[in-house]
Every structure is written in structure tokens, then in C-alpha cells.
Amino acid sequence: MTGTPGVLIHADGTLLARAAAARLITRLVDAQAARGIAHVVLTGGRNGNALMRELAESPARDAVDWAHVHVWWGDERFLPAGDPERNETQARAELLDKLPLNPAYVHPMPASDGPDGNDPEAAAARYAEELAAAAKVETAGERGGVDVPSFDVAMFGVGPDTHVASLFPELPAVHETERTVVAVRGAPKPPPTRITLTFPAIRTAKDVWLLAAGEDKAAAVRIALAGSGDKQVPAAGAYGRRNTLWLLDRSAAAELPPGLNRIASP
Ligand SMILES: O=C1O[C@H](COP(=O)(O)O)[C@@H](O)[C@H](O)[C@H]1O
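Looking at an unreviewed UniProt entry, one finds the chain named 6-phosphogluconolactonase and attributed to Yinghuangia soli. Per UniProt, the chain has the following entry under Sequence similarities (unreviewed entry): "Belongs to the glucosamine/galactosamine-6-phosphate isomerase family. 6-phosphogluconolactonase subfamily." Turning to the chain, the UniProt annotation filed under Pathway (unreviewed entry) states: "Carbohydrate degradation; pentose phosphate pathway; D-ribulose 5-phosphate from D-glucose 6-phosphate (oxidative stage): step 2/3."

Rendered as C-alpha cells:
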């Protein structure tokens with residue numbers, strides 16, 4: 001892990017989502033100022049959706065040149081296209097359909113009725129190829145030769161069981177050291193079949209943000225920040241090569257030891 005993760009605590013989930021949306025706008029503007037293009041990895045779940053809803057409402061969103069933002073996903077529920085439970089469907093409804101994005105730069109993970117049909121392993125391999133194709137136009141440099149584009153920011157919701165993306169405790173995906181994307185079968189949270197970025201892919205991101213709001217996340221946050229192993233506590237293994245930032249609300253931070261946290265809002 002590079003450095004100690006930052007921890008910021010907001011008063012409640014709404015403020016957390018609003019502040020994280022503002023932070024994302026600034027991060028994308030800065031990335032585009034530096035290299036003309038930005039790559040973001042979206043998360044599903046309650047906190048990710050709340051952030052996207054706030055971003056869609058923010059007048060500052062127009063500061064971003066959305067036509068030059070590549071949108072990727074950290075994980076997907078392997079369901080037919082348009083299924084309301086797909087992270088892609090939710091992201092499009094909350095945010096993406098409201099932005100002037102370049103459709104060629106929006107990279108959803110394949111659906112179960114996509115080109116590979118109901119074969120999540122083939123779908124995962126297809127997404128890995130899409131990432132590798134995007135990486136080819138860049139120099140490998142800081143990504144250590146991992147075949148993904150240089151993600152400026154990758155966001156992950158944290159499940160009450162400490163899962164991030166679709167990396168669930170002790171399932172085979174948490175042991176992956178080579179592939180950037182894998183299929184997940186038997187996930188404890190429905191639907192059981194999913195596609196996910198792996199730790200090697202996640203850890204190439206410049207910035208990794210972990211989002212958690214609500215008291216049902218408090219134990220997961222405490223355990224992950226206590227230096228736990230990433231196979232048992234996947235949230236402990238999600239970190240960026242430049243920065244790792246935990247964005248919490250007070251309820252999710254309730255079990256953190258004093259001194260670990262910084263109160264970000266009254
Ligand atoms: O199923 C999923 O859950 C996690 C966390 O969701 P939450 O609703 O508990 O915040 C999410 O990050 C992931 O993308 C999603 O597929």
C-alpha cells in the first residue's frame with residue numbers, strides 16, 4: 001500500500017455524496033488540465049448512486065469536458081442489458097444519460113445477453129480486452145505494465161461484509177494476481193453471478209476512493225482500517241498508487257478509534 005489512507009467524515013450520507021461529487025468534478029478537471037482526457041471508474045450501490053445523483057444536480061458539473069471522460073465500471077451484476085439491478089442501468093439513469101458523454105468512451109461491462117451470452121468468464125475476458133485496448137494508447141509507465149488505462153480515480157462502495165467491487169471475502173476473485181477482470185460465481189449478495197475488476201487492476205488507479213455511509217457499514221469500515229488481510233477483508237486491499245481516501249459519514253465512522261478520523265463537515 002502507498003502511504004496511509006486518508007479518512008474524511010461528513011455529517012451524513014447526503015453531505016458525503018454532495019462533497020464527493022464536488023471532489024470528483026475537481027479531480028476530473030485537474031486530470032483533463034494535465035493530459036486532456038480523464039478515466040474514471042464508477043461504483044454501484046447506494047453510496048455510488050447517491051454521488052451520481054448529486055453530481056447530476058451540481059451546476060459545477062459543466063466544468064468537466066465530459067466528451068473527453070472515459071467511464072469504466074469496477075464491477076457489474078451479470079444480468080441482461082437494461083435490467084434495473086445492473087450498475088450500468090442505475091448509473092445511466094442517475095447520471096450518464098444527463099451528460100454530453102462520447103458514447104464510445106462509455107465502457108459498460110458486458111450483460112448476460114451480450115455477445116458472449118450467459119458466459120461470465122468470456123464476458124470478463126472481453127472487458128479485460130477492452131481495458132487493454134485503451135491502455136495501448138498510453139505508455140505503461142506507472143501502471144507497472146498492467147493492461148488497463150491510467151485511471152485517474154476509481155470509486156468503490158464498501159459492503160457491510162467488507163466487499164468492494166464484486167470482490168467478496170474468501171471467494172476466488174480476491175486471490176487473482178494476473179488477470180485484470182474476472183467472473184464471480186456464488187456471490188453472497190444477489191445476484192450471485194458478477195464481473196469484477198481485480199486487485200491488480202484496482203491498484204493501478206492514481207486515486208482510490210472508498211465510500212461508506214450508514215450504521216450497517218460501521219463494522220466493515222473499522223475492520224478494513226485496522227490493517228486486516230485483503231482476502232478476508234477485501235476493502236483493506238483497495239488502494240491507489242498515489243492516494244487512498246475513505247469518504248464516510250458519521251454513522252459509518254462510528255466504530256473508528258479516535259485519532260484516525262478527520263471531521264470534514266460540522
Ligand atoms: O452489489 C454491490 O454492492 C456494493 C456496495 O453497495 P451498497 O449498496 O452496500 O453501498 C457496490 O459497491 C457494488 O458496486 C455493487 O455491485
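(A) Just the environment of Leu42, in detail. Structurally, Leu42 is set in strand β2 (residues 38-42). Distance in space between the C-alpha atoms of Leu42 and Gly145 is 22 Å, their sequence separation being 103 residues.

(B) Up close: the pairing of strand β9 (residues 243-249). For β9, a buried count of six out of seven residues is recorded, marking the element as mostly surrounded by other parts of the structure. One ladder, built from five bridges, connects strand β1 (residues 6-10) with β9; its direction is parallel. Note on β9: the bridge partner recorded for Gly6 is Leu245. With six bridges connecting them, strand β8 (residues 207-212) and β9 associate as parallel partners. Bridged to Ala212 within β9 is Leu248. What joins β8 to β9 is helix α6 (residues 218-224), and the crossover it makes is right-handed.

(C) Looking closely at the side chain of Thr43. With respect to the helices and strands, the residue Thr43 is situated in the loop between β2 and α2 (45-57). Of the polar contacts made by the side chain of Thr43, one reaches the backbone nitrogen of Gly157; its length is 3.0 Å. Thr43 has contacts with Gly48, Met52, Met155, Phe156, Gly157 and Leu211, leaving out every residue within four places of it along the chain.

(D) Spatial organisation of the environment of Ala56. Along the chain, Ala56 falls in helix α2. Residue classification places Ala56 among the buried residues on the basis of a relative accessible area of 10%. In the structure, Ala56 is positioned 67 residues away from Ala123 in sequence and 30 Å away in space, judged by C-alpha atoms. For Ala56, the residues in contact, after removing those within four places along its chain, are Arg61, Glu94, Leu95 and Lys98.

(E) Seen up close, the pattern of salt bridges. In this structure the tally under the stated criterion is 20 salt bridges. Between Glu88 and Arg92 there is a salt bridge, with its nearest N and O atoms 2.8 Å apart. One end of the pair, Glu88, and the other, Arg92, are both in helix α3 (residues 87-94), four residues apart, so they sit about a helical turn from each other. By relative accessible area, Arg92 is classed as partly exposed at 27%. Its salt-bridge partner being Arg126, residue Asp116 comes within 2.7 Å of it at the nearest N-O pair. In this pair, Asp116 is assigned in the loop between α3 and α4 (120-136) and Arg126 in helix α4, connecting sequence segments ten residues apart. What makes Asp116 partly exposed here is its relative accessible area of 23%. Under the relative-accessibility criterion, Arg126 is labelled partly exposed at 34%. Taken together, the shared-partner salt bridges in this structure form one network comprising Arg35, Glu138, Asp152 and Lys206.

(F) Examining the site of the ligand more closely. For the ligand, the set of nearby residues contains 14 residues, the closest of which are Arg46, Asp75, Arg77, Lys189 and Lys217. Residue Thr43 places a side-chain N or O atom 3.1 Å away from an oxygen atom belonging to the ligand. Residue His163 places a side-chain N or O atom 3.1 Å away from an oxygen atom belonging to the ligand. When the ligand is considered free in solution it has 390 Å² of accessible area, and contact with the protein chains removes 97% of it. For the shell around the ligand, the element with the highest residue contribution is α2, accounting for three residues.

Conventions adopted
- Residues numbered from 1 in each chain as written.
- Predicted model: local features only at pLDDT ≥ 70, side-chain atom pairs only at ≥ 80, totals over all residues.
- Heavy atoms only, no water.
- UniProt positions renumbered as here; feature names shortened; annotations may be inferred.
- Helix = DSSP H or I, 4+ residues; strand = E, 2+ residues; numbered from the N terminus.
- Buried < 20%, exposed > 50% of the residue type's maximum accessible area, 1.4 Å probe, protein only.
- Pairing = 2+ DSSP bridges.
- Right-handed = clockwise from strand over helix to strand, strands pointing away.
- Polar contact = N/O pair within 3.5 Å; in protein donor to acceptor, adjacent residues only side chain to side chain.
- Contact = heavy atoms within 4.5 Å.
- Salt bridge = Lys/Arg side-chain N within 4 Å of Asp/Glu carboxyl O.
- Near = heavy atom within 4 Å.
- Areas by Shrake-Rupley, 256 points an atom, 1.4 Å probe, with all protein chains shown as cover.

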